[in-house]
Amino acid sequence: MTVITETKLEFAKLGSRIGAEIRGLDISGDLSEDTVAQIRAALNEHKALVFREANILSDEAQVKFASHFGPLTKAHPTVASVEGEENVLPVDSENGSANNWHTDVTFVVNPPQASTLRSIDLPAYGGETLIASSAGAYQDLPDELRTFADSLWAIHTNDYDYSVPKNLEHQNAEERRKEFTRLKFETAHPVVRVHPLTGERGLFIGGFAQRLRIVGLSNTESKDIIRLLQAYVTRPENVVRVNWEPNQVVLFDNRITQHYAPDNYDGQPRKLNRVTIAGDIPLSIEGKPSQALQGDSSTYSVVAPVTAPAVS
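Quick caveat, the model's predicted, so the values are computed rather than measured. (Residues numbered from 1 in each chain as written. Predicted model: local features only at pLDDT ≥ 70, side-chain atom pairs only at ≥ 80, totals over all residues. Heavy atoms only, no water.)

## Considerations on the pairing of strand S7 (residues 153-157)
When you tally the buried positions in S7, you get five out of five residues, the bulk of the element. Burial along S7 is two-sided: Trp153, Ile155 and Thr157 facing one way and Ala154 and His156 facing the other are all buried. Pairing of S7 with strand S8 (residues 186-190) involves five bridges; the strand directions are antiparallel. Considered in S8, the bridge of tryptophan 153 is made with proline 190. Strand direction decides the pairing type here: S7 and strand S11 (residues 213-214), joined by two bridges, are antiparallel. From the neighbouring strand, alanine 154 faces S11, where its bridge partner is isoleucine 214. (Buried < 20%, exposed > 50% of the residue type's maximum accessible area, 1.4 Å probe, protein only. Helix = DSSP H or I, 4+ residues; strand = E, 2+ residues; numbered from the N terminus. Pairing = 2+ DSSP bridges.)

So this is what it looks like as structure tokens:
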């Protein structure tokens, strides 16, 4: 009797707290349950995975790959998708740069659990993606500040002050902002979120909590507290800088990371396509779920079931 054994995937770490990469793994076709489980385990451990020479050369292949990890969201609650591909969002420098720290779509009650990015057009230099571990940030907090953060809730919204000086704004900024806020969303999320698969705690803040209000506190107090907590997220020890190359896919855990795309490529074309995997409703350390305050996101994403127990 012949026993067929699966190949163990070897991811090389990019940093002690976040990031790992693998080269030459073809992820374009039908992946076995074992391969998907290994990728999920690596994602739980490293939080951001870089697939170089991934053989994902079309939107259809990217959608197929992302679908291995759960139901997909639509491209975005308010922004148009790639034509003919309802799950694919163009991340295009022609529409501006996402050069602020954020977690994808946290203004809805069930933000994506994970995001995939695929390289399309790349600048000759610059254009990296920075990804930060919010679990590392939580671990770094002094005990007293950690206890305080555990008790906080923040309001996330897509309708906030971008705080970009007019002379630095992208030429299409006003039109883009109108599209982004054509439907308004507000959601109360715990500042400390428990990851449903690993049991880790992470700071669940970022750009969409910028208009910021911590529930029960003034705007001034809220901004000072968020600024303090955010500084732990973006400590260099918690950040991996992902360099892009052709035929590359990045998969990152949206439940326990933030990311940032620095505008450091002098106006050269930079285009990635994004496909996101539907998520669950965040829970606080006491098990209390997030609450939608404004906006119905049900046409954007289903509430995905958690497919594995948390690690105690």
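## Examining unusual backbone geometry
Among all residues except glycine, the phi angle is most often negative; among peptide bonds, the trans geometry is most common. If you check the backbone angles, asparagine 55 has positive phi at about 65° while not being a glycine. Relative to the helices and strands, asparagine 55 resides in the loop between strand S3 (48-52) and helix H2 (59-67).

## Focus: the sheet that holds S7
Pairing is antiparallel in the open sheet, where four strands are placed in the order S11-S7-S8-S16. Here the strands that pair on one side only, and so sit at the sheet edges, are S11 and strand S16 (291-294). As defined by bridge partners, S8 adjoins S16 across three bridges and the pair is classed as antiparallel. Residue alanine 188 lies in a different strand from S16, and its bridge partner there is glutamine 291.

## Some words on helix H6 (residues 219-233)
Since the α-helix advances by 3.6 residues per turn, residues separated by three or four positions end up pointing in the same direction. Taking 1.5 Å per residue, 15 residues should reach 21 Å; H6 reaches 21 Å between its end C-alpha atoms and fits that length. The complete set of buried residues in H6 reads Ser222, Ile225, Ile226, Leu229, Gln230, Tyr232 and Val233. For H6, the angular spread of buried residues about the axis comes to 140°, placing them on one side. Looking at H6, the residues exposed on the side facing more than 90 degrees away from the buried face are Thr220 and Arg227. (Expected span 1.5 Å × (residues − 1). Arc of directions from axis to C-beta.)

## Quick word on the packing of helix H4 (residues 143-150) against H6
At their nearest, the axes of H4 and H6 sit 12 Å apart, and the two run at 120° to each other. Relative to H6, H4 is oriented oblique. Judged by the twist between their axes, the crossing of H4 over H6 is left-handed. Between H4, through Leu145, Phe148 and Ala149, and H6, the contact on the second element is made entirely by Ile225, Leu228, Leu229 and Tyr232. (Axes fitted to C-alpha atoms, helices over the stretch in contact; angles between N-to-C directions. Parallel < 35°, antiparallel > 145°, perpendicular 65-115°, else oblique. Left-handed = near helix turned anticlockwise from the far one by under 90°. Contact = heavy atoms within 4.5 Å.)

## A word on the pairing of strand S2 (residues 20-23)
Burial along S2 is one-sided: Ala20 and Ile22 are buried, while Glu21 and Arg23, pointing the other way, are not. Pairing of strand S1 (residues 12-13) with S2 involves two bridges; the strand directions are antiparallel. Bridged to alanine 12 within S2 is glutamate 21. Remark: six residues form the turn of the hairpin made by S1 and S2, two consecutive strands paired antiparallel; glycine 19 in that turn has positive phi of roughly 100°. Once you follow S2 into helix H1 (residues 33-46) and on to S3, the crossover reads as right-handed. (Right-handed = clockwise from strand over helix to strand, strands pointing away.)

The values are spatial; any link to function lies outside them.
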